[in-house]
Structure formats: C-alpha cells, structure tokens
Amino acid sequence: MIKLITVLLLILPTLALGHKPSDSYLTLSVEDGGTLSGQWDIALRDLERAVGVDQNRDARVTWGELKARRAELEDHILSRLTVTARDGDREQVCTLDSDGLKVDDHVDGTYAVFLLTGDCGLSPLSLTLNYRLLFDRDASHQGLVEVRYGDQPGQPVALSNQHREQTLSRDGDGGLAALATFFRQGVHHILIGYDHILFLLTLLFPAVLVWRQGAWRPKESMREALLTTLGIVTAFTVTHSLTLALASLGLVNLPSWLVESAIAITVGLGAASNLAPQYFPRRWVMALVFGLIHGLGFAAVLADLGLDGGSLVLTLLGFNLGVEAGQALIVLIFVPAAFLVRRTAAYRRWFVPIGSVAIIAIATVWAVERLAGAL
C-alpha cells in the first residue's frame with residue numbers, strides 16, 4: 001500500500017499536462033427522399049493536429065490559412081465519416097459533400113464549421129454512422145452527433161474510439177440511445193477530467209482522518225469515514241448537477257477560460273485545505289460551493305449540441321448518471337485503500353501534505369495557462 005501511495009505521488013506531476021477533452025459536433029437532418037443536410041464543427045486545434053493548417057507556425061490559425069487548406073481539410077474529414085442508409089432490405093452508402101466553410105466560437109475555442117450536403121439514394125428507415133475522426137491522433141476524442149428525421153426531435157449520440165458506430169432509426173427510440181451513450185460519455189469525461197479527479201481526491205484525502213490537537217488523527221471506524229465521504233460527494237453532486245442543467249439549457253453562460261481557470265483555483269484551494277484544515281472545518285460546504293463551478297465545466301461537453309425537449313432531458317440524465325458512476329468508482333477505490341493505511345505515518349504525515357502540495361503546484365500551472373490563454 002505504501003508503494004501504491006508513492007506511485008501516486010510520482011505520477012501527480014504528469015497530470016499537469018492534461019488538456020480539455022477533444023470533441024467535434026456533427027448534426028445531420030434527413031429529408032424525405034434521402035437527402036441530407038447539416039454541419040460538422042471541428043476545433044481548429046484539432047484540424048491543426050490532424051492536417052497542419054498553421055502554415056507560418058505562429059501558433060495561430062487564420063481564416064486565410066483555413067481557406068488555403070479547405071480542399072485538403074474537406075477530403076480528410078469526409079474520409080473519416082461513413083453514413084449508410086437502410087430501407088427494409090435495401091442498403092446504400094450515402095454520398096457526402098462539404099459546400100461551405102465558416103468559423104464559429106464555441107465554449108472552448110474557435111471551430112471550423114463545414115456545411116454538409118448529401119444524398120442516400122433512398123428514403124431511409126435508419127442511418128448507421130461510422131465515425132473515425134482523430135482517433136489515430138487522440139484516442140480520447142469524442143464525436144457528439146445529433147440526427148434529425150424531418151420534424152422529429154433530434155437523436156443525440158456520442159461516438160468514441162471504443163464505440164465508433166451507431167444506428168439511429170426513424171421510428172426507433174433515440175432517447176434510449178442518447179441515455180446509454182451519454183452515460184458512457186459522462187463516465188469517460190470524469191475519468192479523463194484530471195482537474196475534477198484531483199479536486200475530488202483533495203476532499204477525500206482526509207475522509208479517513210480527523211483534525212485534532214493540531215494534527216491529523218485516524219478515524220476509528222469505516223462507518224465514520226463513509227459518512228464523511230457521503231456528505232462530501234452528495235454536496236458536490238447536488239450543485240454540479242444544478243449548474244450542469246442550467247448551463248446546458250443556456251440559462252448560465254460564462255466564458256470557457258473563466259470556468260476552466262476557476263476550476264483550477266478550486267483544485268488548489270481544495271488541496272490547501274488539507275494543509276490548514278482548521279480553516280475548513282466543514283468540507284461538505286466547500287464541495288457544495290465549488291460544485292457549482294465544476295458543473296459549468298461538465299456542461300461545456302453538452303452546451304454546443306443545441307439540444308432541446310426530451311432529447312436534452314435524457315442526454316442530461318445519462319451524462320449526469322455517468323459522471324456520478326465515475327465519481328463512485330473513484331470513491332470505492334480510494335476510500336477503502338486510504339482507510340487501510342490511515343494509521344500509518346506515511347499516509348498522515350507524508351502522503352496527505354506532500355500530495356496536497358503537488359496538487360497545488362499542478363493547479364497553479366493550470367490556472368496560469370488558462371488565464372494566459374485568454375489574453
């Protein structure tokens with residue numbers, strides 16, 4: 001167990017290299033007769049990574065540079081997406097073309113917007129999407145997709161390196177597909193969201209301890225430790241769920257750089273509370289307040305899909321349940337392990353303080369980078 005703690009301390013600095021997950025946003029509308037229209041929003045940073053758009057190497061992609069590589073970019077992205085239409089026993093691969101290019105600002109930066117048209121050659125009862133963009137460059141990339149059949153509500157799904165293909169039926173229950181795929185998206189997001197993980201860990205470090213007479217002392221029972229953990233996780237869940245819903249509905253809209261910088265600051269303050277716990281006697285209050293900020297960070301994944309109605313409700317529910325499942329996994333791994341070593345000096349006098357200092361350093365790097373990126 002002490003070796004495990006040592007390994008965790010050693011890998012913490014590598015998390016300072018973490019970045020916001022890569023996402024693209026694809027919407028397709030299917031009309032009678034099998035014609036397609038839509039758009040595909042892809043971050044400029046991802047296009048630079050995939051093709052290389054920044055010709056003068058000044059770390060900025062200009063409109064002129066984007067237009068100069070337009071044909072190559074269109075060939076690249078369209079070769080990474082296959083749409084197959086089915087109508088009973090008939091099957092036809094749809095043709096796709098890009099007939100327009102513009103740029104748009106999303107919550108996490110500037111995106112190229114490729115306007116799409118297509119023809120399936122038949123009026124489909126279902127579409128099967130096979131999505132392959134960027135997986136060779138970034139295995140954590142996600143394609144957030146919404147398909148609309150005529151005037152029907154959109155069917156949103158999340159496609160990933162592990163789930164590259166999805167079939168969406170005209171008369172099928174797209175809601176269940178949205179619930180399942182965005183549940184996976186929520187689990188994925190929390191497990192690769194290093195800032196959210198570190199914040200949760202800073203609150204869990206002392207869950208098996210109690211501050212008494214100027215020092216950390218071990219708690220006597222697992223029940224006491226679990227009650228502390230339950231209070232922290234419940235408080236965090238309530239408020240991040242609230243702001244996740246508000247932001248996804250468009251009722252709260254803050255710049256991405258501000259939200260991400262604030263998240264980094266909460267991580268640092270959470271770690272600092274382990275070094276001066278006398279000033280933070282009720283850690284669930286910290287989780288309650290800071291959860292509001294982290295919910296805005298979670299919402300960045302969904303905000304640009306433009307969902308409404310039932311699709312938004314099910315997507316939010318699936319995503320939030322996935323986030324909670326990811327959190328529960330972290331808690332179930334960390335708290336029992338910490339409880340076993342809570343009486344050791346290595347945990348109380350070494351791991352908690354040194355680990356907290358390491359997290360403060362990482363959070364400081366994140367905050368500086370994110371604030372600098374806004375200048």
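As a reminder, the structure under discussion sits directly above these lines.
These numbers were taken from a predicted model, which means no experiment stands behind them.

Engineer: Could you give me a rundown of the environment of Arg-164, with the residues and numbers involved?
Structural biologist: Structurally, the position occupied by Arg-164 is in the loop between strand 9 (155–160) and strand 10 (165–169). Spatially, the C-alpha atoms of Arg-164 and Asn-130 are 5.7 Å apart, while their sequence positions differ by 34 residues. Excluding its chain neighbours within four sequence positions, the residues that come into contact with Arg-164 are Leu-129, Asn-130, Tyr-131, Arg-132, Phe-135 and Leu-159. Among the polar contacts listed, one links the side chain of Arg-164 to the side chain of Asn-161, at a separation of 2.6 Å.

Engineer: Explain the side chain of Thr-239 residue by residue, including any values.
Structural biologist: Checked against the element boundaries, Thr-239 lands in helix 7 (residues 222–248). With residues near it in sequence (within four places) discarded, Thr-239 still touches Ala-287, Leu-288, Gly-291 and Leu-292.

Engineer: Now, about the packing of aromatic side chains: what can you tell me, with residues and values included?
Structural biologist: Applying the stated rule across the entire model yields nine aromatic pairs. Taking 5.8 Å as the distance between ring centres and 55 degrees as the angle between the ring planes, the aromatic pair formed by Trp-40 and Tyr-131 counts as tilted. Of this pair, Trp-40 sits in strand 2 (residues 35–43) while Tyr-131 sits in strand 7 (residues 126–131), placing them 91 residues apart in sequence. For the pair shown, Trp-40 and Tyr-131 are each scored as buried. Counting every residue linked through ring pairs, the aromatic cluster contains Phe-205, Phe-334, Tyr-347 and Phe-351.

Engineer: So what's going on with the pairing of strand 7? Residues and values would help.
Structural biologist: In regular strands, side chains alternate between the two faces of the sheet. The element strand 7 is extensively covered by neighbouring structure, given that five of its six residues are classed as buried. One ladder, built from five bridges, connects strand 7 with strand 10; its direction is antiparallel. Among the inter-strand pairings, Asn-130 is bridged to a residue of strand 10, identified as Glu-165.

Engineer: Let's hear about the nonpolar core: which residues, and what values?
Structural biologist: The biggest cluster of nonpolar side chains holds 38 residues, and the ones touching the most others in it are Trp-40, Leu-47, Val-83, Phe-114, Leu-127, Leu-129 and Val-147. When sequence neighbours within four positions are dropped, the list of residues in contact with Val-147 reads Leu-28, Val-30, Leu-127, Leu-129, Pro-153, Gly-154, Gln-155 and Leu-168. Leu-209, Val-267, Ile-362 and Ala-363 belong to the second largest nonpolar core, which has 37 residues in total.

Engineer: Run through a nonpolar patch on the surface, naming residues and quoting values.
Structural biologist: On the surface, a cluster of nonpolar side chains totalling about 400 Å² of accessible area is made up of Val-238, Trp-284, Val-285, Leu-288 and Val-289. Mapping Val-285 onto the fold places it in helix 9 (residues 283–303). Relative accessible area serves as the criterion here: at 32%, Val-285 is assigned to the partly exposed category.

Engineer: Break down the packing of helix 8 (residues 256–275) against helix 11 (residues 345–373) for me, citing the residues and quoting the values.
Structural biologist: Two elements in contact, helix 8 and helix 11, have axes separated by 8 Å at closest approach and are oriented at 160 degrees. If you check the angle between helix 8 and helix 11, you find them roughly antiparallel. As helix 8 packs across helix 11, the resulting crossing turns out to be left-handed. Two secondary-structure elements touch here, helix 8 through Trp-257, Glu-260, Ser-261, Ile-263, Ala-264, Ile-265, Val-267, Gly-268, Ala-271, Ala-272, Asn-274 and Leu-275 and helix 11 through Val-352, Pro-353, Ser-356, Val-357, Ile-359, Ile-360, Ala-363, Trp-366, Ala-367, Arg-370 and Leu-371. Broken down by class, the residue content of the contact of helix 8 with helix 11 amounts to 17 nonpolar, four polar and two charged.

Cut-off values and rules
- Residues numbered from 1 in each chain as written.
- Predicted model: local features only at pLDDT ≥ 70, side-chain atom pairs only at ≥ 80, totals over all residues.
- Heavy atoms only, no water.
- Helix = DSSP H or I, 4+ residues; strand = E, 2+ residues; numbered from the N terminus.
- Contact = heavy atoms within 4.5 Å.
- Polar contact = N/O pair within 3.5 Å; in protein donor to acceptor, adjacent residues only side chain to side chain.
- Phe/Tyr/Trp six-rings, centres within 6.5 Å; stacked < 30°, edge-to-face > 60°.
- Buried < 20%, exposed > 50% of the residue type's maximum accessible area, 1.4 Å probe, protein only.
- Pairing = 2+ DSSP bridges.
- Core = buried A, V, L, I, M, F, W, Y, C linked by side-chain atoms within 4.5 Å.
- Patch = residues over 30% accessible without salt bridge, like charges linked within 9 Å, V, L, I, M, F, W, Y side chains within 5 Å.
- Areas by Shrake-Rupley, 256 points an atom, 1.4 Å probe, with all protein chains shown as cover.
- Salt bridge = Lys/Arg side-chain N within 4 Å of Asp/Glu carboxyl O.
- Axes fitted to C-alpha atoms, helices over the stretch in contact; angles between N-to-C directions.
- Parallel < 35°, antiparallel > 145°, perpendicular 65-115°, else oblique.
- Left-handed = near helix turned anticlockwise from the far one by under 90°.
- Nonpolar A, V, L, I, M, F, W, Y, C, P; charged D, E, K, R; others polar.

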